[in-house]
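Overview (structure and organization)
What follows is the residue order along each chain.
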Amino acid sequence: MTTRANPGRRRLLAAGAALAAAPLARPALAQAAWPAGRPIEIVVGFAPGGGTDVMLRALALFLAAELPGANFVISNRPGAGGETAYTTLQAARPDGFTIGGINTPGYLSVPIERRVRYDRAKIRAIARLVDDPTAFVVHRDSPYRTLADLVADAKRRPGQISVGSSGVGTDDHLGLTLFQAATGTEFIHAPYAGAGLVKNAVLARHIDVAGLNLGEIGMLGQEKPALRPLAGMGEHRWDLMPDVPTFREAGYDVVMTSERGIAAPRGLPDEIALRLQEAVARVIAKPDWMEKARQLELPMAYLPGAEWEAQMPAQEARYRQIWEKTPWQQ
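Residues numbered from 1 in each chain as written. Predicted model: local features only at pLDDT ≥ 70, side-chain atom pairs only at ≥ 80, totals over all residues. Heavy atoms only, no water.

**Some thoughts on the pairing of strand S2 (residues 72-76)**
Consecutive side chains along a regular strand alternate between the two faces of the sheet. Just so we agree on the cut-off: DSSP calls a pair of strands paired once it identifies at least 2 bridges connecting them. Runs of H or I in DSSP of at least four residues are treated as helices and runs of E of at least two as strands, each being numbered from the N terminus. The handedness rule is simple: strands pointing away from the viewer, and a clockwise path from the first strand over the helix to the second, make the crossover right-handed.
Taken together, the five bridges between strand S1 (residues 40-44) and S2 define a ladder with parallel strand orientation. When the bridges of S2 are listed, Ile42 appears paired with Ile74. For the crossover from S1 across helix H2 (residues 51-66) to S2, the handedness is right-handed.

**Side note on the packing of aromatic side chains**
Here is the rule: When the centres of two rings from Phe, Tyr and Trp lie within 6.5 Å, Trp using its six-membered ring, the rings pair. Their planes under 30 degrees apart give stacked, over 60 give edge-to-face, and anything left gives tilted. Accessible area is worked out with a 1.4 Å probe on protein chains only. A residue is then buried under 20% of its type maximum, exposed over 50%, and partly exposed in between. When the NZ atom of lysine or the CZ atom of arginine is within 6 Å of a ring's centre and also within 35 degrees of its normal, the charge is said to sit over that ring.
Scanning the model with the defined rule gives nine aromatic pairs in all. Ring geometry for Phe179 against Tyr252: centres 5.5 Å apart, planes inclined by 75°, an arrangement best described as edge-to-face. Note that Phe179 is positioned in helix H6 (residues 171-183) and Tyr252 in the loop between strand S8 (227-232) and strand S9 (257-265), a separation of 73 residues in sequence. Each member of the pair, Phe179 as well as Tyr252, carries the same accessibility label: buried. Within the aromatic cluster, the residues linked to one another by ring pairs are Phe136, Phe179, Phe187, Phe247 and Tyr252. In this structure, Arg38 is placed above the aromatic ring of Phe97, and the distance from its NZ or CZ to the ring centre is 3.9 Å.

**Some remarks on the packing of H2 against helix H8 (residues 270-284)**
Using the following cut-off: The convention used is that axes are lines fitted to C-alpha atoms, helices contributing only their stretch in contact, and that angles between N-to-C directions extend from 0 to 180 degrees. Angles below 35 degrees are treated as roughly parallel, those above 145 as roughly antiparallel, those between 65 and 115 as roughly perpendicular, and all remaining angles as oblique. In what follows, a contact means two residues having at least one pair of non-hydrogen atoms within 4.5 Å. Residues are grouped as follows: Ala, Val, Leu, Ile, Met, Phe, Trp, Tyr, Cys and Pro are nonpolar; Asp, Glu, Lys and Arg are charged; every other residue, Gly included, is polar.
Relative orientation of the contacting elements H2 and H8 amounts to 110°, with a least axis distance of 9 Å. Judged by the angle between their axes, H2 and H8 are roughly perpendicular. Contacts between H2 and H8 involve Leu59, Phe62, Leu63 and Glu66 from the former and Ala279, Val280, Arg282 and Val283 from the latter. Partitioned by chemical class, the residues of the contact of H2 with H8 number six nonpolar, no polar and two charged.

**What about the pairing of strand S7 (residues 209-213)?**
Most of S7 is tucked away: five of the five residues are buried. On S7, burial covers both faces: Val209, Gly211 and Asn213 on one face and Ala210 and Leu212 on the other are all buried. Both strand S4 (residues 123-139) and S7 contribute to a ladder of four bridges, which runs antiparallel. Bridge pairing links Ala135 to Leu212 in S7. In terms of strand pairing, strand S5 (residues 162-165) meets S7 through two bridges, oriented parallel.

**Here we look at the pattern of salt bridges**
Going by this rule: Just to be clear on terms, a salt bridge is a Lys or Arg side-chain nitrogen sitting within 4 Å of an Asp or Glu carboxyl oxygen.
What the rule picks out here adds up to 21 salt bridges. Its salt-bridge partner being Arg260, residue Glu216 comes within 3.6 Å of it at the nearest N-O pair. Pair noted here: Glu216 is in the loop between S7 and S8 and Arg260 is in strand S9, with a separation of 44 residues, a long-range link. For Glu216, a relative accessible area of 12% corresponds to the buried category. Residues Arg248 and Glu235 are paired through a salt bridge, measuring 2.9 Å at the closest nitrogen-oxygen approach. On the criterion of sequence distance, the pair formed by Arg248 in the loop between S8 and S9 and Glu235 in the loop between S8 and S9 is long-range, its members being 13 residues apart. The partly exposed category is assigned to Arg248, whose relative accessible area is 41%. Residues joined by salt bridges that share partners form a network here, namely Glu83, Glu113, Arg114 and Arg117.

**Some words on the nonpolar core**
Which entries qualify depends on this criterion: Here, the term nonpolar core denotes a set of buried Ala, Val, Leu, Ile, Met, Phe, Trp, Tyr and Cys residues that are joined through side-chain atoms within 4.5 Å.
Residues Phe136, Leu150, Phe179 and Phe247 are the most contacted members of the largest nonpolar core, which totals 41 residues. Of all the secondary-structure elements, those providing two or more residues to this core are helix H3 (83-91), helix H4 (106-113), S4, helix H5 (147-156), H6, S8 and helix H10 (305-325). Here this core gets five residues from one element, more than from any other, and that element is H10. Setting aside its immediate chain neighbours within four residues, Leu150 contacts Phe136, Tyr144, Ile161, Phe179, Phe187, Val209 and Leu230. Core analysis: the next-biggest nonpolar cluster, separate from the first, contains 36 residues, Ile99, Val283, Ala293 and Leu298 among them.

This is the structure:
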């Protein structure tokens, strides 16, 4: 079976490099002391060890070199599919000393399912870094070798096979919802507070299948990886894992990914927002970051904040359609 690299990956990296080479024009910084003075908190909505946490910890080190005087501190506030962190982020003073990670689909999909304490109108996207395909992952000793094996067993034992996710309304959960609808199967959904916990659960054989992103598996460069992806939900195979088929290739029309990036309270001055965006663009164009991203298995897909936000209404409409057809409540 032939493989194809993600056609958007190189284009987006090139766009980031171009932005880094030609910084955006901006007025004199209103708060000349920023970012010096005190630590900049990065609020992470998931437990340590997951894709979001790992990405932001790496990014903090690189950003510190791009923003003289900056001292970043990671603050993990897991819970409610990211809602706890997003609520904290929107309530922070818009002075550049509190930023945070945001993840779609959860950032967009959770408010469809229930009332939340955050308002997207009060949060400003700064930059998207990653677009990571959702995947079904099993222990290397699992009897499931393909998605067809999983479907066959699920039809023999409806409601008895467990699939872990990073929470209700996350990409893992929505991917499971779409898969059940496409196959006429029923699984036990096991939500956790982050991908790191899901990974530990499948490693310990507490769950049968893990909903993880391809970049969260940690299998590249290992002679005998402990985990084995059955398939990924991207439009195309990821070029770093060309042997992992897509769900569509396996005959199931299921596409789902997790976007990860950074955001700030909406009132953040444009000058600071642009400095952050430019710093991210310079980071992702650096060879050192590209190598780090490869080591951390991050499917890079840079977008400036405004472009990312411009895509969100269409994404939200898609998640709402899924909700109307197959509600994903726990």
